[in-house]
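In case you want the letters, here they are:
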Protein chains: 2
Amino acid sequence: MVLTDPHAAGARSLEEVVEEILAAGATAIQLRDKEAGSGELLPLARRLRDLCHARGALFLVNDRLDLALACGADGVHVGQDDLPAAGVRAVTPPGFVIGVSAETPELARKAQAEGADYVGCGPVWPTDSKADAGGAIGVRGLAAVVRAVRIPVVAIGGITPERVPELLAEGAAGVAVIRAVLAAPDPSAAVRALLRAGF
Amino acid sequence: MVLTDPHAAGARSLEEVVEEILAAGATAIQLRDKEAGSGELLPLARRLRDLCHARGALFLVNDRLDLALACGADGVHVGQDDLPAAGVRAVTPPGFVIGVSAETPELARKAQAEGADYVGCGPVWPTDSKADAGGAIGVRGLAAVVRAVRIPVVAIGGITPERVPELLAEGAAGVAVIRAVLAAPDPSAAVRALLRAGF
């Protein structure tokens, strides 16, 4: 899963980079922009949705349920400050994918009980990408979350191809990255390297 | 319509003040908090919804459609940076009230064409309550918006009881206030003074 960042793609357009990394095999894109308004983001969200669906990839929107519903995204990813999964589930159509950020077994179990489809867990390692992320939980912290729930756990934070095997060994279902792909000199090569590392 | 502000009620609880102003005759409450997360606001939103519905008043949520849907609000009020009215209309149930901030005739006509139920128009006079509000449009600016649309226009920005008659004379359907009520020494008396001024 590649999370978008309004600045990480540098001078290139986000859509161009997303199209490229989908071709390289990325299986999910999450539109993440804490700054722009939902109205401003709607055209971009619709284009990213089309790019994802043309490649059979999942398209999610971070936090903004209004935008996720309006652009026809497959789902939404919410943090602990956002609406809880149960609240999202109550107002969204059947099959709508709900991801929840949960860094502890307790939070992950709560998300699962409320109907979350997957848990995003991290940061496993320290990272500069998310200014609001807490302290790193380590591979041990990730493993505790994996053991706590039945739903898939996606590892995030400081992910590199070298680190993928130990994450999968601990039971992670996938990995989420931001700058490791978007800010790479060759985003497609970065995606392929991650995929080769274990998927 | 009284817009809430997380700080305007001072040391008193927002719910206590809202209960009081509903008893005094306020006909609509709009929960407005740009800072807290939707998850954090959900319990408060549900309690305000109950207080409003017990008094037959309308309960709206500013901006956050996720919260509006999850708490069972009557509708949402969106700004020009938020999802446009058409986007909100497409993903909300029949009868869901949609208000749109529009300070010009063009924006008001667009909101009406997209299915908005009312337009919030201002700031008519300069105000300290909304740091993100633009320059004052004056009574003349309000009148131009009123003439441009068939849907009700709610005036906002620097509203006082003394100014209500000229707003109604120009065709405003109602007024929206924040600090004029919430930060008043006696919020109930402030509501009654506004109502006596023309409603």
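What you see is a predicted model; the values in this text were computed from it and never measured.

As a further point, take the interface of chain B and chain A. With 17 residues of chain B at the interface, the matching set in chain A holds 17 residues. Both sides of the chain B and chain A interface together cover about 1,200 Å² of buried area, and 73% of this is carbon and sulfur. Here chain B is connected to chain A by zero salt bridges. Our enumeration of links across chain B and chain A arrives at six residue pairs in polar contact (both at pLDDT 80 or more). At the level of elements, helix H2 (38-54) and helix H3 (65-71) of chain B are the ones that each hand at least two residues to the side of chain B that touches chain A. Per-element accounting of the side of chain B that touches chain A gives the leading share, five residues, to H3(B). Classifying every residue of the side of chain B that touches chain A by side-chain character gives eight nonpolar, four polar and five charged.

Once that is clear, we can look at the state of the cysteines. Residues and elements named next belong to chain A. Overall, the coordinates contain zero disulfides over all chains when judged by the stated rule. Free of any disulfide, Cys 71 has its nearest neighbouring cysteine sulfur in Cys 52, separated by 9.8 Å. For Cys 71, a relative accessible area of 0% translates into the label buried.

For the pair chain B and chain A, the best superposition has an RMSD of 0.0 Å and corresponds to a rotation of 180 degrees with a translation of 0.0 Å parallel to the axis. Here the symmetry operator amounts to a two-fold rotation axis. Considering only C-alpha atoms, the residue of chain B closest to the rotation axis is B:Asp66, which sits at 3.1 Å.

Okay, the side chain of A:Asn62 next. With respect to the helices and strands, the residue A:Asn62 is situated in strand S3 (residues 58-62). When sequence neighbours within four positions are dropped, the list of residues in contact with A:Asn62 reads A:Gln30, A:Leu31, A:Arg32, A:Lys34 and A:His77.

So, on to the confidence of the model for chain A. Looking at chain A, pLDDT values average 94 and 97% of them are 70 or higher. Here the complex is predicted with pTM 0.87, and the ipTM for its interfaces comes to 0.78.

The rules behind each value
Residues numbered from 1 in each chain as written. Chains lettered and ligands numbered in written order. Predicted model: local features only at pLDDT ≥ 70, side-chain atom pairs only at ≥ 80, totals over all residues. Heavy atoms only, no water. Contact = heavy atoms within 4.5 Å. Buried area = accessible area lost by both parts, 1.4 Å probe. Salt bridge = Lys/Arg side-chain N within 4 Å of Asp/Glu carboxyl O. Polar contact = N/O pair within 3.5 Å; in protein donor to acceptor, adjacent residues only side chain to side chain. Helix = DSSP H or I, 4+ residues; strand = E, 2+ residues; numbered from the N terminus. Nonpolar A, V, L, I, M, F, W, Y, C, P; charged D, E, K, R; others polar. Disulfide = S-S within 2.5 Å. Buried < 20%, exposed > 50% of the residue type's maximum accessible area, 1.4 Å probe, protein only. Least-squares fit on C-alpha atoms with pLDDT ≥ 70 in both. pLDDT = per-residue confidence, 0-100.

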